[in-house]
Amino acid sequence: MSEAEAVRVIGLWPSPFVIRVLIALKLKGVKYELVEEVVGKKSELLLRSNPVHKKVPVLLHHGKPISESLIIVQYIDEVWSSDDVPAFLPADAYTRAVQRFWAQYVDDKLPPAIRTLRGMDDGGKDEAAEQLSAALQLLEEAFVKLSQGKHYFGGDSVGYLDIALVSYVGWVKAVEKIAGVTLLDKAKVPNLVAWADRLCTHPAVVDAIPDADKFVEFSVTYGSFSKPINGPK
Ligand SMILES: N[C@@H](CCC(=O)N[C@@H](CS)C(=O)NCC(=O)O)C(=O)O
C-alpha cells in the first residue's frame, strides 16, 4: 500500500468540515488521496465508512474510518506528532479546553447563519447576518486573548482553533457576496481580518480554500450537499 493509499479522505471540496481535515493533513505533511463524493449521490464507500451520520468527511487510515471533522483533526494531531511540526493542541490543559470550547462554538453558530445567508432556509437574512457578526465579534475577542499578540489562535503556530475557524472563511466571503453584507469588517474585527488574510496565504491553507466566487458558483448550482438543485440526478 502506497503512502497516499494509507490516508484517504472521503469528501467534497466546498465542505468546511472537509477543508479543515485537508489543512490538518497538509500542516503535518501527510500525503493523502481525496476521494470526492458526487453531490446528491452518497457513495457506497461513504455509507459503509460513516453509517451513523452518512456525512463527509471521513478519514480512512489504513482503511479504518474516522468521522467527525474535529475528532479527525485531533486524531491527525496525535498520530502524526513530531518535533518538526508543532502540535495543534497546546500542552496546557486549560488552553486546550478553551480552544475546544471555541471550536465547538464555531460549529454551533456559523453553519446555520451561513445556510440562511445562502438562502437555503426560510430564516431572515438580516438576523442571520447579525448573528454571524456577533459570533465574529466574540471570536475577535477570543483571538486577542489566545494569540497573545502573536499570529494565530495557537500563538506562534497554526493551532486547533485556527484550523476549525479558517475552514469557514471561503463560505463567509461567499455569503458576503451572495447576501450583500459585510462580515469580515476591518473596522469591527480588525484582528480577525488580519488573521484570515495571513492564514489564507499559508502554504497549507492556500490550496485548500478556493476563491469565494467558486463557493458562490457552487451555491447557485447546488442547494445542499445532499439535495442538489441542478446537480446530477
Ligand atoms: N459535524 C460533522 C458535520 C459534517 C457535515 O455536515 N458534512 C456535510 C457536508 S458540509 C454532509 O456530509 N452533508 C450530507 C448530509 O447532510 O446528508 C463534522 O464535523 O464532520
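To keep things clear, this report deals only with the structure shown in the data block. (Residues numbered from 1 in each chain as written. Predicted model: local features only at pLDDT ≥ 70, side-chain atom pairs only at ≥ 80, totals over all residues. Heavy atoms only, no water.)

### Side note on the sheet that holds strand 3 (residues 58-61)
Backbone-to-backbone hydrogen bonds join strands into a sheet, with any given pair of strands oriented parallel or antiparallel.
Next up, step 1: Ordered by their spatial adjacency, four strands build an open sheet running 2-1-3-4, and the pairing between neighbours is mixed. Of all strands in the sheet, those with a lone pairing partner are strand 2 (33-36) and strand 4 (64-67), marking the two edges. Pairwise comparison of adjacent strand axes, ignoring direction, gives a mean angle of 25 degrees for this sheet.
Next up, step 2: Pairing between strand 1 (residues 7-11) and strand 2: four bridges, direction parallel. Considered in strand 2, the bridge of isoleucine 10 is made with valine 35.
Next up, step 3: Along the sheet face, helix 2 (residues 16-28) touches strand 1, strand 2 and strand 3 and points at about 160 degrees away from the line of strand 1. (Pairing = 2+ DSSP bridges. Helix = DSSP H or I, 4+ residues; strand = E, 2+ residues; numbered from the N terminus. Axes fitted to C-alpha atoms, helices over the stretch in contact; angles between N-to-C directions. Contact = heavy atoms within 4.5 Å.)

### A closer look at the site of the ligand
Next up, step 1: Contacts to the ligand come from 10 residues, most closely from Ser15, Lys42, Val56, Glu68 and Ser69.
Next up, step 2: Between the ligand and lysine 42, the relevant distance is 2.3 Å, taken from an oxygen atom to a side-chain nitrogen or oxygen of the residue.
Next up, step 3: Separating an oxygen atom of the ligand from a side-chain N or O atom of serine 69 is a distance of 2.6 Å.
Next up, step 4: Structurally, the ligand is housed in the largest pocket.
Next up, step 5: A breakdown of the residues in the shell around the ligand according to their chemical character gives four nonpolar, three polar and three charged. (Near = heavy atom within 4 Å. Polar contact = N/O pair within 3.5 Å; in protein donor to acceptor, adjacent residues only side chain to side chain. 1 Å grid on protein atoms, 1.4 Å probe; cavity = no way out; pocket = protein on both sides within 12 Å on 5 of 7 lines; lining within 4 Å. Sits in = over half its atoms within 2 Å of the grid points. Nonpolar A, V, L, I, M, F, W, Y, C, P; charged D, E, K, R; others polar.)

### Section: the layout of surface pockets
Next up, step 1: Put simply, the largest pocket is a space of about 900 Å³.
Next up, step 2: Lining the largest pocket are 34 residues, and of these Ser15, Phe17, Lys55, Val56 and Phe225 sit closest to its centre.
Next up, step 3: With six residues, the single largest contributor to the lining of the largest pocket is helix 5 (residues 93-117).
Next up, step 4: Partitioned by chemical class, the residues of the lining of the largest pocket number 14 nonpolar, nine polar and 11 charged.
Next up, step 5: Both domain 1 (3-79) and domain 2 (93-219) contribute no fewer than three residues apiece to the lining of the largest pocket.
Next up, step 6: Space inside the second largest pocket adds up to approximately 180 Å³.
Next up, step 7: Residue lining of the second largest pocket: 18 residues in total, with Pro90, Gln99, Phe153, Gly154 and Gly155 positioned closest to the centre.
Next up, step 8: Those elements that provide at least two residues to the lining of the second largest pocket are helix 5 and helix 6 (125-147).
Next up, step 9: Split by residue class, the lining of the second largest pocket holds eight nonpolar, eight polar and two charged. (Points joined across faces, edges and corners; volume = space filled by probe spheres on them. Domains from an automatic or database assignment.)

### Focus: unusual backbone geometry
Next up, step 1: A cis amide bond links valine 56 to the next residue, proline 57, at an omega of 5 degrees.
Next up, step 2: For proline 57, the location among the structural elements is in the loop between helix 3 (44-49) and strand 3.
Next up, step 3: For glutamate 68, which is not glycine, the phi dihedral falls at a positive 75 degrees.
Next up, step 4: Tracing the backbone through its elements, the reader meets glutamate 68 in the loop between strand 4 and helix 4 (69-79).
Next up, step 5: Even without being a glycine, glutamine 148 presents a positive backbone phi close to 50 degrees.
Next up, step 6: Mapped onto the elements of the fold, glutamine 148 is located in the loop between helix 6 and helix 7 (160-166).

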